[in-house]
Amino acid sequence: MRLVHLTDLHLPIVARPKLAELLNKRALGYLSWRRNRQFRHQKSALDAIVADAAHARPDFTAISGDLVNISLTSEFSYAAQWLNETFDAGAVALVPGNHDAYVRMPWRVGAGMFSGFMVGARGHGEAMRAPTDAEDFPFVRSVGEVSLIFANSAPPTAPGLATGRLGPEQIRRIGLELARLKSAGQCRVLVLHHPVTEGATPGRKALVDRGTLRSALADAGVELVLHGHTHHSVWASVETPDGLRPVIGGASASHGDAHGKYRPARYNLFTIERDARMGWRIEVEVRELDPASAEVKTADRRTLLPGPS
């Protein structure tokens, strides 16, 4: 299986917000967009990344959140249109990020507009369906021998915070799905927005129940964890009953250029196959935009499983 991981797309704000829409946390977010983010996140960079990913002919694409910036209804409408014009929902699924839950708002006029890309099985034996609200997670999508579990780690937060939270019920269900899929002989990939390991992001941006999630992974096991949120590549691991397993954080798919520790737009292309001798073999190719040529090139290659002996 060839799996593309995209994250932190931050599509542009195409309509000027009304004053009433800025009488909350959005005011600071919009100021940040006007001063910095609109120059950092470029639609042309994202277009180049998406075109290159399509050329790779993946079997499936996982998007780990932050399609919008300050959760304006107009942003969600634009992003939903872009998703429908760019991807086949049968081969793409996503979870919300903290910018997709920037303020509390009705599901149907917010991230719920992406429901066609959040269709999956929500319990053993259940039919595939779209979520009814932000708490209707996790869901599972299976492609051959690979099953992806999509979890929502992005509740609305107070100004100045971008923390994540899964909650005990969602973590319980993640554990149940991981155990069930292991019994079925599946390669299990967990997808969420926030990092699960320590030190990946400051406390005000961290997943508050990451320790509880890691305990569930230590009990049930997982082959690969994918996240976003940091805007730069993260290479980490978690303990499982089968030993250390990779945790890969994707860089933003829309950076027009490098700035500080942040690289130009990137995405990860995974190859997953069953290894008769060692279980699962997972390799990753990091593809990165070259701003000078506007071409997307290989920036890194790594073998994740089997890991170092």
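Placed above this text is the structure.
All figures in this text were calculated on a predicted structure; none of them were measured in a lab.

**Q** Even after reading the chapter, I still don't get the sheet that holds strand 13 (residues 279-290), so can you show me in this structure?
**A** In sheet architecture, strand pairing relies on hydrogen bonds along the backbone and comes in two forms, parallel and antiparallel. With respect to topology, six strands assemble into an open sheet ordered 3-2-1-12-13-14, the strand pairing being mixed. Looking at the sheet topology across the chains shown, the edges are occupied by strand 3 (92-94) and strand 14 (295-305). Taken over all neighbouring pairs, the strand axes of this sheet differ in orientation by 20 degrees on average, direction set aside. Strand contacts of helix 2 (residues 43-55): strand 1 (2-6), strand 12 (266-275), strand 13 and strand 14, with the helix running at about 140 degrees to strand 13, the strand carrying the most contacts.

**Q** Explain unusual backbone geometry to me, please; I cannot follow it from the model alone.
**A** Leaving glycine aside, a negative phi is the common case for residues, and trans is the common case for peptide bonds. Cis geometry marks the peptide bond from phenylalanine 137 to proline 138; its omega dihedral reads 5 degrees. Structurally, proline 138 is set in the loop between strand 5 (128-129) and strand 6 (139-143). Cis geometry marks the peptide bond from leucine 305 to proline 306, where omega comes out at -5 degrees. Here proline 306 is to be found in the segment after strand 14. One non-glycine residue, histidine 231, adopts positive backbone phi at about 70 degrees. With phi around 65 degrees, alanine 294 is a residue other than glycine that occupies positive phi space. Position of alanine 294 among the secondary structure elements: in the loop between strand 13 and strand 14. Taking relative accessible area as the criterion, alanine 294 reaches 52% and is therefore assigned exposed.

**Q** So what exactly am I meant to see when it comes to the environment of isoleucine 174 here?
**A** Structurally, the position occupied by isoleucine 174 is in helix 4 (residues 168-183). Expressed as a C-alpha distance, the spacing of isoleucine 174 and alanine 151, which sit 23 residues apart in the sequence, is 7.8 Å. Excluding residues within four positions of it along the chain, isoleucine 174 makes contact with Pro138, Ile149, Ala151, Leu166, Leu190 and Leu213.

**Q** Even after reading the chapter, I still don't get the pairing of strand 1, so can you show me in this structure?
**A** Both faces of the sheet carry side chains from a regular strand, because those side chains alternate between them. Of all five residues in strand 1, four are buried; the element is thus mostly enclosed. Pairing of strand 1 with strand 12 involves four bridges; the strand directions are antiparallel. For histidine 5, the partnering residue across the bridge sits in strand 12 and is asparagine 268. Strand direction decides the pairing type here: strand 1 and strand 2 (residues 60-63), joined by four bridges, are parallel. Across the sheet, the residue bridging to valine 4 is threonine 61, located in strand 2.

**Q** Explanation requested: the nonpolar core in the structure shown.
**A** In summary, soluble globular proteins display a tendency toward joint burial of nonpolar side chains. Ranked by internal contacts, the top residues of the largest apolar core, which has 57 residues, are Phe114, Leu148 and Phe270. Element by element, the count of residues in this core is highest for helix 2, at six residues. The contact partners of phenylalanine 114, leaving out residues within four places of it in the chain, are Leu67, Val68, Phe76, Ala79, Ala80, Leu83, Leu94 and Asp100. Formed by 20 residues, the second largest nonpolar core is a distinct cluster that contains Ile174, Leu178, Ala216 and Ala220.

**Q** How do you make sense of helix 3 (residues 73-86) when you look at a structure like this?
**A** Along an α-helix, residues three or four apart share an orientation, since each turn contains 3.6 residues. Across its 14 residues, helix 3 extends 20 Å between first and last C-alpha, which sits within 8% of the 20 Å expected from 1.5 Å per residue. Taken residue by residue, helix 3 has Glu75, Phe76, Ala79, Ala80, Trp82 and Leu83 as its buried positions. Seen end-on, helix 3 carries its buried residues on one side only, within an arc spanning 165 degrees. Opposite its buried face, helix 3 presents the exposed residues Asn84 and Glu85, each directed more than 90 degrees away. Each element contacted by the buried residues of helix 3 is listed here: helix 2, strand 2 and strand 3.

Rules and cut-offs
- Residues numbered from 1 in each chain as written.
- Predicted model: local features only at pLDDT ≥ 70, side-chain atom pairs only at ≥ 80, totals over all residues.
- Heavy atoms only, no water.
- Pairing = 2+ DSSP bridges.
- Helix = DSSP H or I, 4+ residues; strand = E, 2+ residues; numbered from the N terminus.
- Axes fitted to C-alpha atoms, helices over the stretch in contact; angles between N-to-C directions.
- Contact = heavy atoms within 4.5 Å.
- Buried < 20%, exposed > 50% of the residue type's maximum accessible area, 1.4 Å probe, protein only.
- Core = buried A, V, L, I, M, F, W, Y, C linked by side-chain atoms within 4.5 Å.
- Expected span 1.5 Å × (residues − 1).
- Arc of directions from axis to C-beta.

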